[in-house]
Amino acid sequence: MLKAIPFVYHASYSKLALPRTHRFPTTKYQLLYQYALEHQLLHASAHHTPTPISLEVLHRIHCPTYVSQFINGSIEHKAQRRIGFPWSQDLVTRTLHAVNGTVLCSQLALAYGFAVHLTGGYHHAHYDFGSGFCIFNDLVIAATSAIDSGKVDKVLIFDCDVHQGDGTATLTQNNPNIISCSIHCAQNFPSRKQDSDHDIDLNKGCNDIDYIDHIQQILPYLIRLHQPDLIIYDAGVDIHQDDDLGYFNISTQGVLARDTQVISIAKSHNIPLAAVIGGGYSRNEAELTHRHSQLLVAANELWIQQREP
């Protein structure tokens, strides 16, 4: 058993100046980091800091022209608007560290059985364009890097964000070694869905019972069918009933139950699990932090040795 959850975090994640009216909660990463340390859900001794990802690794998944245009700031205004962020050097710094953070998280999961990245889940990023606050697809990049390392043969991307992982779907369609599964709201963004290996379209208003039932059925089935060597888990909390951009009716207890189920199933099958926190949108910073912390609560319950009284 682990004595502390290995986790990945970089200070650049929350260093992004956005207009006050912008809906993206850029402060949530730093707030979750601080909350987790204060409540002993994470420990500084298990903190791993990512370096910027290399161009060579980015080019394995994304169009070199698109990569270059984003990094040097020559990306067209229309393309930048589709991403949803104004371009800045801070955005570039944040992006390069965050994408490599998921690669590092996957490496840590392979070494220790479980690891968490305090950002990640950029599943709307496609080969030559970004979308929905996603610039480069860290999930696919991390899966590809794990396979390239020779440590795994097959990776399952298990995406529980409320929005379909359309970029992940298109980037993995011709790769039999990366299995994409998206469990999402059928009526939510993106309006034009893509074909994942497995798409679970749930209707607007889905509640705790129905949602957890799907998790309990689909994940063991995928493990039996595909026998992955690594699971990369997008633990988005925009499934929450009070999320600004979500249409589900999932309680905080439901979020915890989902995370507990996913971690428990992976652990029972001895499959390393790399978790990213994914989407979550709310003007109430304390509430949003608490929702994201459920992943860490579940991880501590299942992975950490019980402390003596």
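Participant: What exactly am I supposed to notice about the overall build of the chain here?
Facilitator: When helices and strands are tallied, the chain shows 10 helices and eight strands. A compact globule built from 309 residues should have a C-alpha radius of gyration of about 19 Å, and the chain, at 18 Å, falls within 12% of that. When the backbone C-alpha atoms are referred to their principal axes, the chain occupies close to 55 × 40 × 40 Å. The buried share of the chain, taken over its 309 residues, is 58%. Carbon and sulfur atoms provide 47% of the accessible area of the chain, an area that totals close to 13100 Å². In the chain, 21 side chains carry a positive charge and 29 a negative one; their mean positions are 4 Å apart.

Participant: Please explain the pairing of strand E6 (residues 198-202) as it appears in this structure.
Facilitator: The two faces of a sheet get side chains in turn, since along a regular strand they alternate between them. A one-sided burial pattern is seen for E6, the buried positions being His198, Ile200 and Leu202 and the unburied ones Asp199 and Asp201. Summarising the sheet, strand E5 (residues 178-185) and E6 pair through five bridges and their orientation is parallel. Bridge assignment links Ser182 to a residue of E6, and that residue is Asp199.

Participant: Looking at this structure, how should I read the layout of surface pockets?
Facilitator: If you add up the space inside the largest pocket, you get close to 330 Å³. Around the largest pocket, the lining comprises 24 residues; the ones closest to its centre are Gly132, Phe133, His163, Leu245 and Tyr281. Of the residues contributing to the lining of the largest pocket, the split by class is nine nonpolar, 10 polar and five charged. If you add up the space inside the second largest pocket, you get close to 250 Å³. His22, Phe24, Pro25, Thr26 and Arg283 are, among the 13 residues lining the second largest pocket, the residues nearest its centre.

Participant: Quick question: what am I supposed to make of the sheet that holds E6 here?
Facilitator: Strand-to-strand pairing in sheets goes through backbone hydrogen bonds, with the strands running parallel or antiparallel. In space, the eight strands of this open sheet follow the order E2-E1-E3-E8-E7-E4-E5-E6, with parallel pairing throughout. Each edge of the sheet is formed by a strand with only one pairing partner; in this case those strands are strand E2 (47-48) and E6. Across the sheet, helix H10 (residues 285-303) lies against strand E3 (114-117), strand E7 (230-234) and strand E8 (273-276), angled at about 165° from E3, the strand it touches most.

Participant: Looking at this structure, I do not really get the pattern of salt bridges. What am I missing?
Facilitator: Pairs can form between side chains of opposite charge whenever their charged atoms are close. Per the stated rule, a full pass over the model turns up two salt bridges. Linking Arg60 and Asp148 is a salt bridge whose minimum nitrogen-to-oxygen distance equals 2.9 Å. With a gap of 88 residues between them, Arg60 in helix H2 (residues 55-61) and Asp148 in helix H6 (residues 138-148) connect regions that are remote in the sequence. A salt bridge links Arg258 to Asp259; the nearest nitrogen and oxygen atoms lie 3.0 Å apart. For Asp259, a relative accessible area of 1% puts it in the buried group.

Calculation criteria
- Residues numbered from 1 in each chain as written.
- Predicted model: local features only at pLDDT ≥ 70, side-chain atom pairs only at ≥ 80, totals over all residues.
- Heavy atoms only, no water.
- Helix = DSSP H or I, 4+ residues; strand = E, 2+ residues; numbered from the N terminus.
- Rg over C-alpha atoms; globule rule 2.2 N^0.38 Å.
- Buried < 20%, exposed > 50% of the residue type's maximum accessible area, 1.4 Å probe, protein only.
- Areas by Shrake-Rupley, 256 points an atom, 1.4 Å probe, with all protein chains shown as cover.
- Lys, Arg positive; Asp, Glu negative; His and termini not counted.
- Charge placed at Lys NZ, Arg CZ, Asp CG, Glu CD.
- Pairing = 2+ DSSP bridges.
- 1 Å grid on protein atoms, 1.4 Å probe; cavity = no way out; pocket = protein on both sides within 12 Å on 5 of 7 lines; lining within 4 Å.
- Points joined across faces, edges and corners; volume = space filled by probe spheres on them.
- Nonpolar A, V, L, I, M, F, W, Y, C, P; charged D, E, K, R; others polar.
- Contact = heavy atoms within 4.5 Å.
- Axes fitted to C-alpha atoms, helices over the stretch in contact; angles between N-to-C directions.
- Salt bridge = Lys/Arg side-chain N within 4 Å of Asp/Glu carboxyl O.

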